[in-house]
Amino acid sequence: MRLEKCWFCSSTVYPGHGIQFVRNDAKIFRFCRSKCHKNFKMKRNPRKVKWTKAYRRVHGKDMTQDATFEFERKRNRPERYDRHVAEETLKAIKKIDKVRVDREARHYAKRMKGKKAQVQKEAANELEQSIHMVKAPAALQKEPSLTLPKVYQKQTEDRMVE
């Protein structure tokens, strides 16, 4: 059973699924679904369409350089079947998948490292701008430490006075 890759989005195309387009120069394009086929016909570049694998790799969202990708390459050379080699290959596939998952997790963690501080800063700014929606101004005047940290109290008091 040969599993092909979609030309547009790089997802797996299983036998009996998807669309196959043969150009006049006999180049074969396989697509996983009509969405990819239509985008191809509209001459869209997969590197500029955000949901494709090519976009994610070009913009640093997915790993691009890794030794485990070498095992995924297509090979058209026929091999003689050997049961022992097949068993060893299946064992190796499991190990390689585990290694790839670990590396992808590390890549994601490295990408999201500074995200938490940024989210907290944005939340603090949002709270500062719309504190009047959270608590009534009268309640804040009675006890200003209800919702705001000490840093923001002075700024909100200035705004209330105005």
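The rules behind the values
Residues numbered from 1 in each chain as written. Predicted model: local features only at pLDDT ≥ 70, side-chain atom pairs only at ≥ 80, totals over all residues. Heavy atoms only, no water. Buried < 20%, exposed > 50% of the residue type's maximum accessible area, 1.4 Å probe, protein only. Helix = DSSP H or I, 4+ residues; strand = E, 2+ residues; numbered from the N terminus. UniProt positions renumbered as here; feature names shortened; annotations may be inferred. Phe/Tyr/Trp six-rings, centres within 6.5 Å; stacked < 30°, edge-to-face > 60°. Pairing = 2+ DSSP bridges. Salt bridge = Lys/Arg side-chain N within 4 Å of Asp/Glu carboxyl O. Core = buried A, V, L, I, M, F, W, Y, C linked by side-chain atoms within 4.5 Å. Contact = heavy atoms within 4.5 Å.

**Remarks on unusual backbone geometry**
Part 1: With phi around 70°, serine 10 is a residue other than glycine that occupies positive phi space.
Part 2: By relative accessible area, serine 10 is classed as partly exposed at 31%.
Part 3: One non-glycine residue, alanine 26, lies in positive phi territory at about 70°.
Part 4: Residue placement: alanine 26 occurs in the loop between strand 3 (19–22) and strand 4 (28–31).

**Considerations on the UniProt feature "domain: TRASH" (unreviewed entry) in the protein chain**
Part 1: Here, UniProt's "domain: TRASH" (unreviewed entry) annotation points to residues 6–44.
Part 2: Helix makes up 21% of residues 6–44 and strand 26%, with an end-to-end C-alpha separation of 15 Å.

**Here we look at the packing of aromatic side chains**
Aromatic rings in a pair are described by how distant their centres are and how their planes are angled relative to each other.
Part 1: Summed over all chains, the structure comprises 7 aromatic pairs.
Part 2: Summarising the aromatic geometry, the rings of tryptophan 7 and phenylalanine 29 are spaced 5.3 Å apart at their centres and angled 85° between planes, so their arrangement reads as edge-to-face. Of this pair, tryptophan 7 sits in the loop between strand 1 (4–5) and strand 2 (12–13) while phenylalanine 29 sits in strand 4, and the two are 22 residues apart along the sequence.
Part 3: On the basis of an interplanar angle of 40° and a centroid distance of 4.8 Å, the ring pair of phenylalanine 29 and phenylalanine 40 is categorised as tilted. Of this pair, phenylalanine 29 sits in strand 4 while phenylalanine 40 sits in helix 1 (residues 34–41), placing them 11 residues apart in sequence. Each of the two residues, phenylalanine 29 as well as phenylalanine 40, counts as buried.

**Re the pairing of strand 4**
The two faces of a sheet get side chains in turn, since along a regular strand they alternate between them.
Part 1: Burial along strand 4 is one-sided: the face carrying Phe29 and Phe31 is buried and the face carrying Ile28 and Arg30 is not.
Part 2: In terms of strand pairing, strand 3 meets strand 4 through 4 bridges, oriented antiparallel. Within the sheet, the bridge partner assigned to valine 22 lies in strand 4 and is isoleucine 28.

**Description of the pattern of salt bridges**
Part 1: Under the defined criterion, the tally for this structure stands at 4 salt bridges.
Part 2: With a shortest N-O distance of 3.2 Å, aspartate 25 and arginine 23 are connected by a salt bridge.
Part 3: The salt bridge involving lysine 98 is made with aspartate 102; its shortest N-O contact spans 3.4 Å. With lysine 98 and aspartate 102 both in helix 3 (residues 83–111) and 4 residues apart, the pair spans about one turn of that helix.

**Here we look at the nonpolar core**
Part 1: Residues Cys6, Phe8, Cys9, Val13, Phe29, Phe31, Cys32, Cys36, Phe40 and Val49 constitute the largest nonpolar core, which totals 10 residues.
Part 2: With near-sequence residues (within four places) excluded, phenylalanine 31 lies in contact with Cys6, Trp7, Phe8, Val13, Gly18, Ile19, Phe21, Cys36, His37 and Phe40.

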